[in-house]
Amino acid sequence: MTNQHYSKSELAGADTPDKENDNLKTFDLNSARSDATGHALTTNQGLKIADNQNTLRAGSRGSALLEDFIMREKITHFDHERIPERIVHARGFGAHGVFQAYEGNERFTKAAFLTNTQITTPMFVRFSTVQGSRGSPDIPRDVRGFAMKFYTTEGNYDLVGNNMPVFFIQDGIKFPDVVHAVKPEPHNDIPQAASAHDTFWDFVSLTPETAHHVIWLMSDRAIPRSFRGIQGFGVNTFRLINAEGKSHFVKFHWTPMQGVFSVLWDEAQKINGKDLDFNRRELWDAIESGLYPEWELGVQLIPEEDEHKFDFDILDATKLIPEELVPVTPIGKITLNRNVDNFFAETEQVAFCPAHVVPGIDFSNDPLLQARLFSYTDTQLIRLGGPNFHQIPINRAVCPFHNNQRDGYHQRIVHQGQANYEPNSIDNNWPRETPPAPSGGGFESYYERVDAHKVRERSESFNDHFSQARLFYVSQTPHEQQHIKDAYVFELTKVKRAYIRERIVNEMLSYIDDDLASYVAQKLSLPMPPKRELATVTPSKRLSQEAFPPLDIRARRLALLVQDGFSMQEFETIQDWAIKEGVILECISDHSGFVTSDTNATLPLKGNYQSEPSIFYDATVVLGGTKEVVPDQEGYLMHYIMETYKHLKPLVFLNGNERLITTMPLIEPDEGVITMPNFTAVQEQLKTALLKHRVWDREMQAKKDSGIIF
Ligand code: HDE
């Protein structure tokens, strides 16, 4: 557990620290027990193994014997341990949780798990990035997948969403193109998990429908600080059907109670190098510490008769419905409360599919969704090696399931009886159909009239590609807009072909916003872009991350910089506050192991300035004591403090350590630079700063001072 809260007895009694025991204290030894505890080591056939150290050989220095079936079984199994990674969303991290419905949802759906408030529905969630391979870092500039499986009493329901409410393309037939374009380039397999390269921007520059999703990708949404701090969206338009058969179109939203927050791009790049597991580790630690993240599930409901009342098409996945037009109705709560027992068995083998629905939920004709309904099962056939992946424990429905589908690779069920067809009289026609509600609960597709010509064309109502990209941009706060501008500049700087950069500026950005297009053009030494007639849009507040502040600072991480002679009393005050607020407190110094306080007690350290850099934390506190904190010769402490400042985080200097600032002329006083003799005097100010996540004014001021903002 990383939540290093130090017990008083641990501190007091540890005058002579026992390093081995200190290490052990951070582990729960019981959690290391396995299903094999107490059992003999055997082959897969159950044969007890006498020697697991040596291959059978012709003499102790002789060649291996083919006869060694024990070694061969072990190596053969090992050779086949990997399965193909997902073609997209390969890097992922899962957790178990529960869903609890709120009252009143039967107005628009008959789904039992959404309407029966007596039921708590178990669920599994997998967060993912899209572009990178399984071993890629956690914070590339990328979309995050946010897929949920609800194990309901009526069958499994999968809500397979992203952390951005729109998608790159309008028709599923373009999916292989956009994915090929963003993945590493085919000739040299470079770059890994990055959109900043020619093929992606070439495709984008030639595909105007990508404009809206790409501007989300250039925003801070693409570099989340934590999985706990991302919003989720179903993206496609679905239907909800109530017991009377009344249909509403629906957009799904899930909103984190922890607030929506991101890192800075400079931080993301550094974190990816120093801890590529940053997001997954953080979620794991939060759940292990009992700091369970929560999301509120909500819906935007559009009555069937209002389908055409918007100036965009609700079947077009490159469009969102502003919350000012259709508010989000909360329908339930998701809590993640259990880490997996085994990553491969659960997170890797979980198989989601938007076609996994239950009565009361149905599809729209969104052309992207229609292709998705086919693709997910198809991909599992190759990834999980056959048609029986629904029998893998993580994918199994918790309600009974029976049909006449038989055999196939990895069949785990020993089906009994003679009748494996329907109708049959040998087994009295079991398993039988169930009529739909009200007499039964069988699934019935929405009764939609279809009368059309067979065509390969897109509706004209899908034609406007820039209005909502502009809507998103103008709805951002100034610092968010600045990050978007800088992201385009960064990405296009990595594009080698000048004509692609120019096409993006002239044929895409100039249709979104003048200032954005001119800024990017200027930074790339391109001619000023043409002036366009821009869509008139009304900003939508809820498109900015700032509209989703956190309710508390639970699971925020505080780096406490300590040296020998630190004030024990002050440390205990900080620790009590951290426990009360649920803040993760970690002590760091110029060395590892432990430090000694002014009362001669010893304190275990999480690590040193290099092993636990400031980018892993939300704020830095420099703790003093009898001795002044002294910068080390190599400059690691100075770098630590400067980096905290540069990344706009709160910086607290206690017990006279503000003298350190005078050695760092770049640090200007602001609301996040807090200097006080003791912690009690700063705790409210620190909490307020942490709730705001970053000191945004610091960044805007620096940009103004250097003439970047014009
Ligand atoms: Fe997916 N997508 N997708 N996608 N998608 C997959 O299924 C696909 C789309 C999303 O954690 C694949 O099991 C097509 C939109 C998530 O296991 C694959 C199209 C959205 C995940 C596939 C889309 C998503 C996937 C790859 C365009 C947001 C990870 C592995 C028509 C609503 C699920 C797999 C997990 C995974 C196909 C577009 C979300 C290939 C054809 C839009 C979160 O089947």
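Residues numbered from 1 in each chain as written. Predicted model: local features only at pLDDT ≥ 70, side-chain atom pairs only at ≥ 80, totals over all residues. Heavy atoms only, no water.

Engineer: I'd love a proper account of the overall build of the protein, names of residues and values included.
Structural biologist: Within the protein, the regular secondary structure consists of 20 helices and 18 strands. For 710 residues, the compact-globule estimate of 2.2 N^0.38 gives 27 Å, and the protein sits close to it at 28 Å. Its C-alpha atoms put the protein at 90 × 80 × 60 Å along the principal axes. Pairs at least 24 apart in sequence give 73% of the contacts found in the protein among residues at least 6 apart. Summing over all exposed atoms, the protein offers an accessible surface of approximately 33,600 Å²; the carbon and sulfur share of this is 52%. (Helix = DSSP H or I, 4+ residues; strand = E, 2+ residues; numbered from the N terminus. Rg over C-alpha atoms; globule rule 2.2 N^0.38 Å. Contact = heavy atoms within 4.5 Å. Areas by Shrake-Rupley, 256 points an atom, 1.4 Å probe, with all protein chains shown as cover.)

Engineer: Before we move on, can you summarise the coordination of the iron atom of the ligand with the specific residues and values?
Structural biologist: Of all protein atoms, just one serves as a donor to the iron atom of the ligand, and that atom is Tyr376 (OH), at 1.9 Å. Here Tyr376 is to be found in helix 11 (residues 367-383). (Donors = N, O, S within 2.8 Å, 3.2 Å for Na, K, Ca; no water.)

Engineer: Just give me the short version of the environment of Val474, but keep the residues and values in it.
Structural biologist: One can find Val474 in helix 12 (residues 467-474). For the pair Val474 and Thr538, spaced 64 residues apart in sequence, the C-alpha separation works out to 8.3 Å. In this view, Val474 contacts Gln481, Asp513, Val537 and Pro539; residues no more than four positions away in its chain are not counted.

Engineer: Please provide a residue-by-residue account of the nonpolar core, values included.
Structural biologist: Core analysis: the biggest nonpolar cluster contains 53 residues, and Trp201, Ile215, Tyr488, Ile512 and Val520 have the highest contact counts within it. Counting only elements with at least two residues in this core, the list comes to helix 5 (175-182), helix 6 (198-205), helix 7 (211-217), helix 12, helix 13 (478-493), helix 14 (498-512) and helix 15 (514-523). Residues in contact with Tyr488, not counting those within four places in the same chain, are Trp201, Val214, Ile215, Met218, Leu509, Leu516 and Val520. Ala111, Phe146, Phe150 and Ile230 belong to the second-largest nonpolar core, a separate cluster that totals 38 residues. (Core = buried A, V, L, I, M, F, W, Y, C linked by side-chain atoms within 4.5 Å. Buried < 20%, exposed > 50% of the residue type's maximum accessible area, 1.4 Å probe, protein only.)

Engineer: Explain the sheet that holds strand 15 (residues 607-608) residue by residue, including any values.
Structural biologist: Judged by pairing direction, the sheet is parallel, and its six strands sit side by side in the order 15-12-11-16-17-18 without closing on themselves. Each edge of the open sheet carries a strand with a single partner, namely strand 15 and strand 18 (673-676). Examined bridge by bridge, strand 12 (residues 584-589) and strand 15 share two bridges and lie parallel to one another. Paired with Ser589 across the two strands is Asn608, which belongs to strand 15. (Pairing = 2+ DSSP bridges.)

Engineer: A description of the pairing of strand 6 (residues 238-241) should follow, citing residues and the corresponding values.
Structural biologist: The two faces of strand 6 match: Phe238 and Leu240 on one face and Arg239 and Ile241 on the other face are all buried. Of the pairings in the sheet, the one linking strand 6 to strand 10 (residues 361-363) comprises three bridges and is antiparallel in character. Bridge pairing in strand 10 places Phe238 opposite Phe363. Two elements, strand 6 and strand 7 (residues 247-256), share four bridges in a ladder whose sense is antiparallel. The residue bridging Phe238 from the neighbouring strand is Val250, located in strand 7. Counting the residues between successive antiparallel strands, the hairpin from strand 6 to strand 7 contains five residues, one of them, Gly245, with a positive phi of roughly 85°.

Engineer: Which residues make up the pattern of salt bridges, and what are the values?
Structural biologist: Applying the stated criterion to the full structure yields 36 salt bridges. A salt bridge links Arg225 to Asp618; the shortest N-O distance between them is 2.5 Å. Taken as a pair, Arg225 in the loop between helix 7 and strand 5 (232-233) and Asp618 in the loop between strand 15 and strand 16 (619-622) lie far apart in primary sequence, 393 residues in all. Assessed through its relative accessible area of 1%, Arg225 is described here as buried. By relative accessible area, Asp618 is classed as buried at 0%. Residue Asp277 pairs with Arg281 through a salt bridge whose shortest N-O separation is 4.0 Å. Looking at Asp277, the relative accessible area reads 26%, which means it is partly exposed. Where salt bridges share partners, they join Arg91, Asp138, Asp275, Asp277 and Arg281 into one cluster. (Salt bridge = Lys/Arg side-chain N within 4 Å of Asp/Glu carboxyl O.)

Engineer: Residue-level account of the site of the ligand, with values.
Structural biologist: Surrounding the ligand, one finds 24 residues, the nearest of these being Arg86, Arg126, Ser375, Tyr376 and Gln380. Between His89 and the ligand, the recorded distance is 3.4 Å, taken from a side-chain N or O atom to a nitrogen atom. A distance of 2.8 Å separates an oxygen atom of the ligand from a polar atom in the side chain of Gln380. Of all elements in the fold, only strand 3 (144-152), strand 4 (155-162) and helix 11 reach the threshold of two or more residues within the shell around the ligand. Counting residues per element, the shell around the ligand draws most heavily on helix 11, at seven residues. (Near = heavy atom within 4 Å. Polar contact = N/O pair within 3.5 Å; in protein donor to acceptor, adjacent residues only side chain to side chain.)

Engineer: Could you give me a rundown of helix 6, with the residues and numbers involved?
Structural biologist: When you tally the buried positions in helix 6, you get six out of eight residues, the bulk of the element. For helix 6, the secondary structure elements touched by its buried residues are helix 5, helix 7, helix 13 and helix 14.

Engineer: Quick rundown of empty space enclosed by the protein? Include the residues and the values.
Structural biologist: Using the criterion set out here, one finds six cavities of 30 Å³ or more in the structure. Estimated volume of the largest cavity: approximately 160 Å³. As for the largest cavity, its lining consists of 19 residues, and the residues nearest its centre are Pro165, Phe233, His253, Leu320 and Ile321. A per-element tally of the lining of the largest cavity places strand 7 first, with three residues. Among the residues forming the lining of the largest cavity, the class breakdown is nine nonpolar, five polar and five charged. (1 Å grid on protein atoms, 1.4 Å probe; cavity = no way out; pocket = protein on both sides within 12 Å on 5 of 7 lines; lining within 4 Å. Points joined across faces, edges and corners; volume = space filled by probe spheres on them. Nonpolar A, V, L, I, M, F, W, Y, C, P; charged D, E, K, R; others polar.)

Engineer: For the packing of aromatic side chains, give the residues involved together with the corresponding values.
Structural biologist: Under the defined criterion, the tally for this structure stands at 26 aromatic pairs. Centre to centre, the rings of Phe113 and Phe150 are 5.0 Å apart; their planes meet at 45°, and the pair counts as tilted. Highlighted residues: Phe113 in helix 4 (residues 112-115) and Phe150 in strand 3, separated in sequence by 37 residues. No difference in accessibility class separates Phe113 from Phe150, as the two residues are buried. Ring geometry for Trp216 against Phe233: centres 6.3 Å apart, planes inclined by 75°, an arrangement best described as edge-to-face. Placement of Trp216 in helix 7 and of Phe233 in strand 5 is noted, with a sequence separation of 17 residues between them. When its relative accessible area of 5% is taken as the criterion, Phe233 is described as buried. These aromatic residues form a ring-pair network of at least three members: Phe167, Phe168, Phe175, Phe200, Trp201 and Tyr488. One Lys or Arg, Lys485, reaches over the ring of Tyr519 and ends 4.9 Å from the middle of that ring. Positioned above the aromatic ring of Phe261, the side-chain terminus of Arg556 is 3.9 Å from the ring centre. (Phe/Tyr/Trp six-rings, centres within 6.5 Å; stacked < 30°, edge-to-face > 60°. Lys NZ or Arg CZ within 6 Å of the ring centre and 35° of its normal.)

Engineer: Can you explain the confidence of the model for the protein? Please cite residues and give values.
Structural biologist: One rule of thumb: low pLDDT means the predicted coordinates there are not for detailed reading. In this model, the protein carries an average pLDDT of 93, and 95% of its residues clear a pLDDT of 70 or more. A low-confidence stretch, residues 7-27 (pLDDT under 50), is modelled with 22 contacts involving residues beyond four sequence positions or located in other chains. (pLDDT = per-residue confidence, 0-100.)

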